[in-house]
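# Descriptive structure summary
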Amino acid sequence: MRQFKTESKKLLDLMINSIYTNKEIFLRELISNASDAVDKLNFKSLSDDSVKLGEDDLAIRVSCDHDARTLTISDNGIGMTADELEKNLGTIAHSGSQEFKTENADSQGDAVDIIGQFGVGFYSAFMVAKHVRVVSRAYGSDEANVWESDGLEGYTIEPGERAGHGTDVILTMRDSDADANGETGEDYDRFLTEWGLRDLIKRYSNYVRYPIQMMVSKSRQKPKPEDAGDDYKPEYESYEELETINSMTPIWKKRSSDVEQSDYNEFYKSTFHDFEDPARTISFHAEGTLEYDALLFVPGRAPFDLYSKDYEKGLALYSSNVLIMEKCADLLPDYYNFVRGVIDSADVSLNISRETLQHDRQLRAIARRVEKKITSELEDMRDNDRETYETFFENFGRGLKYGIYSSYGMKADELADLLLFWSAKERKMVTLAEYAKAMPDDQKAIYYAAGDDRDRLSKMPVVTGVLARGYDVLLLTSDIDEFTFQAMREYVAHDLPKIYEDEAAREAAAKAVADGAEPEVEDRHLELKNVAAGDLNLATEDEKKDAEEATKENEDLFEAMKSALGDKVEKVAVSARLVGEDESPACITTEGMLSLEMEKVLQRGPEGDMEGLPKSQRVLELNAKHPVFAKLVAAQKDGDTEKVERYAGLLYDQALLVEGILPEDPVAFAASVCALM
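Model, not experiment: these values are computed from the prediction.

### Some details on the overall build of the chain
Secondary structure assignment for the chain yields 20 helices and 23 strands. Accessible area of the chain: about 34600 Å², with a carbon and sulfur share of 46%.

### Here we look at the pairing of strand 23 (residues 617-622)
Where burial is concerned, most of strand 23 is hidden: 5 out of the 6 residues are buried. Inspection of the sheet shows strand 21 (residues 571-574) paired to strand 23 by 4 bridges, in the parallel sense. Within strand 23, the position partnered with Val-572 by the bridge is Leu-620.

### Here's the deal with the nonpolar core
Residues Tyr-336, Ile-343, Phe-392, Leu-400, Tyr-447 and Leu-474 are the most contacted members of the largest nonpolar core, which totals 77 residues. Counting 60 residues, the second largest nonpolar core, distinct from the first, contains Leu-41, Ile-60, Leu-200 and Val-208.

### A look at the sheet that holds strand 16 (residues 428-430)
The 6 strands lie next to each other as 16-15-18-17-20-19, forming an open sheet whose pairing is mixed. Looking at the sheet topology across the chains shown, the edges are occupied by strand 16 and strand 19 (490-497). Neighbour to neighbour, the strand axes of the sheet diverge by 40 degrees on average, direction disregarded. Strand direction decides the pairing type here: strand 15 (residues 421-423) and strand 18 (residues 473-476), joined by 2 bridges, are antiparallel. Within strand 18, the position partnered with Trp-422 by the bridge is Leu-475. Contacting strand 15, strand 17 (445-450), strand 18, strand 19 and strand 20 (521-530), helix 13 (residues 481-488) crosses the sheet at an angle of about 125 degrees to strand 18.

### What to know about the sheet that holds strand 14 (residues 340-344)
In spatial order, the strands read 10-11-14-12-13; together these 5 strands make up an open sheet with mixed pairing. The open sheet terminates on both sides in strands that have one partner only, identified here as strand 10 (280-286) and strand 13 (322-328). Taken over all neighbouring pairs, the strand axes of this sheet differ in orientation by 15 degrees on average, direction set aside. Both strand 12 (residues 315-319) and strand 13 contribute to a ladder of 4 bridges, which runs antiparallel. Across the sheet, residue Tyr-318 finds its bridge partner in strand 13, namely Leu-323.

### Comments concerning the confidence of the model for the chain
Predicted confidence across the chain gives a mean pLDDT of 84, with 88% of residues reaching 70 or more. Low pLDDT (under 50) marks residues 114-118, which in the prediction has 28 contacts with non-local residues, meaning those over four places away or in another chain.

### So, the environment of Ser-478
Note on placement: Ser-478 falls in the loop between strand 18 and helix 13. Classification of Ser-478 by relative accessible area gives partly exposed; the value is 22%. As for Ser-478 and Val-601, which are separated by 123 residues in sequence, their C-alpha atoms are 9.7 Å apart. In contact with Ser-478, other than residues within four places in its own chain, are Arg-398 and Lys-401.

### Brief notes about unusual backbone geometry
Even without a glycine there, the phi angle at Arg-427 is positive, about 55 degrees. For Arg-427, the location among the structural elements is in the loop between strand 15 and strand 16. Unlike most non-glycine residues, Arg-489 shows phi in positive territory, near 70 degrees.

### A look at the packing of aromatic side chains
Tallying each qualifying case throughout the model produces 26 aromatic pairs. The interplanar angle of 80 degrees and the centroid separation of 6.0 Å between the aromatic rings of Tyr-336 and Phe-338 together place this pair among those described as edge-to-face. Relative to Phe-396, the ring of Phe-392 lies with its centre 5.6 Å away and its plane at 40 degrees, an arrangement referred to as tilted. Highlighted residues: Phe-392 and Phe-396, both in helix 8 (residues 386-406), separated by 4 residues, approximately one helical turn. In terms of burial, Phe-392 and Phe-396 fall into one category: buried. In this structure an aromatic cluster arises from ring pairing among Tyr-207, Trp-252, Phe-267, Tyr-268, Phe-272, Phe-297 and Tyr-318. A cation over a ring is seen here: Arg-220 above Tyr-239, with NZ or CZ 4.0 Å from the ring centre. Against the face of Tyr-307 rests Arg-398, its NZ or CZ located 5.9 Å from the ring centre.

### A word on a negative patch on the surface
Where like charges cluster on the molecular surface, the negative patch consists of Asp-542, Asp-546, Glu-548, Glu-549 and Glu-553. Along the polypeptide, Glu-548 turns up in helix 15 (residues 541-553). The exposed category is assigned to Glu-548, whose relative accessible area is 55%.

### Considering helix 6 (residues 261-272)
Between its terminal C-alpha atoms helix 6 stretches 16 Å, which fits the 16 Å expected from 12 residues at 1.5 Å a residue. By the burial criterion, the buried members of helix 6 are Tyr-264, Asn-265, Phe-267, Tyr-268 and Phe-272. When helix 6 is viewed along its axis, its buried side chains cluster within an angular range of 165 degrees and face the same direction. Following helix 6 by one or two positions, His-273 adopts a phi angle in the positive range, close to 55 degrees.

### Let's talk about the packing of helix 16 (residues 555-565) against helix 18 (residues 627-637)
Taken N-terminus to C-terminus, the directions of helix 16 and helix 18 make an angle of 95 degrees; their axes are 10 Å apart at the nearest point. The orientation of helix 16 relative to helix 18 falls into the category roughly perpendicular. Contacts between helix 16 and helix 18 involve Asp-556, Leu-557, Phe-558, Ala-560 and Met-561 from the former and Phe-629, Leu-632, Val-633 and Gln-636 from the latter. Taken together, the residues of the contact of helix 16 with helix 18 break down into 7 nonpolar, 1 polar and 1 charged.

### Structural notes on the pattern of salt bridges
Within this structure, the stated rule accounts for 37 salt bridges. Where Arg-133 meets Glu-148, a salt bridge forms, and the shortest distance between an N and an O atom there is 3.8 Å. With Arg-133 in strand 4 (residues 129-137) and Glu-148 in strand 5 (residues 144-149), the pair connects residues that are 15 residues apart, well separated along the chain. Among the residues examined, Arg-133 registers a relative accessible area of 32% and is labelled partly exposed. Judged by its relative accessible area of 27%, Glu-148 falls in the partly exposed class.

### Concerning the side chain of Ser-584
Mapped onto the secondary structure, Ser-584 falls in the loop between strand 21 and strand 22 (586-591). On the basis of relative accessible area, Ser-584 is assigned to the buried category, the value being 18%. Among the polar contacts made by the side chain of Ser-584, one reaches the main-chain carbonyl oxygen of Ala-586 at a distance of 2.9 Å. Filtering out sequence-adjacent residues up to four positions away, Ser-584 remains in contact with Pro-461, Leu-578, Asn-623, His-626 and Gln-654.

### Overview of helix 17 (residues 596-604)
Of the positions making up helix 17, those classed as buried are Leu-596, Glu-597, Met-598, Glu-599, Lys-600 and Val-601. Residues of helix 17 that are buried make contact with strand 17, helix 11 (454-459), helix 13, strand 22 and strand 23.

### Considering a positive patch on the surface
Taken together, Arg-361, Arg-364, Arg-368, Arg-369 and Lys-372 make up a surface patch of like positive charges. The topology assignment puts Arg-369 in helix 7 (residues 360-384).

The rules we used
Residues numbered from 1 in each chain as written. Predicted model: local features only at pLDDT ≥ 70, side-chain atom pairs only at ≥ 80, totals over all residues. Heavy atoms only, no water. Helix = DSSP H or I, 4+ residues; strand = E, 2+ residues; numbered from the N terminus. Areas by Shrake-Rupley, 256 points an atom, 1.4 Å probe, with all protein chains shown as cover. Buried < 20%, exposed > 50% of the residue type's maximum accessible area, 1.4 Å probe, protein only. Pairing = 2+ DSSP bridges. Core = buried A, V, L, I, M, F, W, Y, C linked by side-chain atoms within 4.5 Å. Axes fitted to C-alpha atoms, helices over the stretch in contact; angles between N-to-C directions. Contact = heavy atoms within 4.5 Å. pLDDT = per-residue confidence, 0-100. Phe/Tyr/Trp six-rings, centres within 6.5 Å; stacked < 30°, edge-to-face > 60°. Lys NZ or Arg CZ within 6 Å of the ring centre and 35° of its normal. Patch = residues over 30% accessible without salt bridge, like charges linked within 9 Å, V, L, I, M, F, W, Y side chains within 5 Å. Salt bridge = Lys/Arg side-chain N within 4 Å of Asp/Glu carboxyl O. Lys, Arg positive; Asp, Glu negative; His and termini not counted. Charge placed at Lys NZ, Arg CZ, Asp CG, Glu CD. Expected span 1.5 Å × (residues − 1). Arc of directions from axis to C-beta. Parallel < 35°, antiparallel > 145°, perpendicular 65-115°, else oblique. Nonpolar A, V, L, I, M, F, W, Y, C, P; charged D, E, K, R; others polar. Polar contact = N/O pair within 3.5 Å; in protein donor to acceptor, adjacent residues only side chain to side chain.

Structural data, given as structure tokens:
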């Protein structure tokens, strides 16, 4: 019995119980080692004319014997001598593959794709096996040797027999201790079944560049006997056939010009378990400090659990065609969590177990490039396939808005131009840039209204008043919309016609354009204004003057109404936005950052019934041109306090209903209406 070199028992115990968190990856590690052995022989055939070998001759074989509880991974690669068995398997953490890569770094090129790095992958076998036997015969040698160990004290190396060059790794599996439901203990029997092995090969090693073959059970119909009667029923027989399990060539390694979109669609649907084709396929190869291949998909529909706490974002991370992580969350920002796909790079620095990355800066560099590529593709979809983009935005736009809100507006530069909102004027979805391009030259803000229903919003007095002045209003109907705009504060619109404050400058610019010059343009910072917020500064000087005079003349009335409404409102005032007899008699506006709609969203949240929840600062604005206002003025002059109080309550509750908010006391509201009738 030979002893392991280094502190074997401690290191091996660490290997088996600490380094790897998922026992099923042992097969990935052993297949990767077999692939390296085949790669080394392939490289030798390319560099040594005496080695006659075709790539079709190279393969990896997986087989199991359920009764004997053995699993065998075989290859016909370079093989190992007794000294190499001692060096590679007797010294934990010595990597023959890494040594080979270092020695042949200048000459191996693309013909060889060595996977191993740390020399510990082989020992993952002891997570599932109570005994491991390795039979190996080096290429060109007539002798084979056998390495055996139970992973505890040490190992033996003895002469053995093998028909040809290569290596067999034979695992005697541990006994299962799982209960009938597989809920407690470990089910090692699954590693001794055809379906279990096929699943692991497909999941982790599907794109290893050499065939991974396995005998599989199949069924076929027996030939019909010549003397069979009309009532003959077909008979079937079972047989076994050697089948290649893995796909070998990953679709993301192929040139996009060589792949049909139907192939991408099929890969997407089968890999990510979707029944719809992706809305967009993004394939690219990156070179430079980091070299990697990326194949990304924008789904055609939102998964049912996209906005649930159980949803996991991330891209599948491969290294040299071997799956490292099924969902590497660090490769995607949260606002692109819907993107699915694959990143494959041999350059990323993995930790010893290959289950996580070692250097965050490499991951960040890939993530930045991926994010820019996704943004670019979405912009292209927005500009050249609007119908598809609007469907995409309906499915995933909420996440883009949340990306701006959760970053406190820091991501607005990247995401704002991807947003779509309903235009009350155009009656269609528009981007902020399209809204800005259609504005009158003197407009200095983007106006919006927030609520839960587009049709109701379009009829609100605060909206119709702005539309009547020639300005468009964006109708925001998602609960995140206004919070997003609050985080953005402003939108920078590019290449808008330049505004000249000086009359002479305006005339000079107009003359230059008339003479054939290009109009001057500028980037304009447009404030995002809620039409239900304080003064929008849209009233004319005459309207402002009329409102001020009416306010001054009726101070007693406003004080009486404020007294009647109490702390429901901050104040009662004449409106400069409601100026027509046929317009609404009153409306509710707010002061400060919190709007009525934001207050409603907060109340619908999990803490909505808690005391101390912030309230909007409401203002009751009255239309001084409406007949109701004249009735109020008359009642105040007559000293009819009861009528003033009743009218104040009715106008306030009516304005709330227009906003989609129920009166605090519906019974009292109904009683007031009946009394008035």
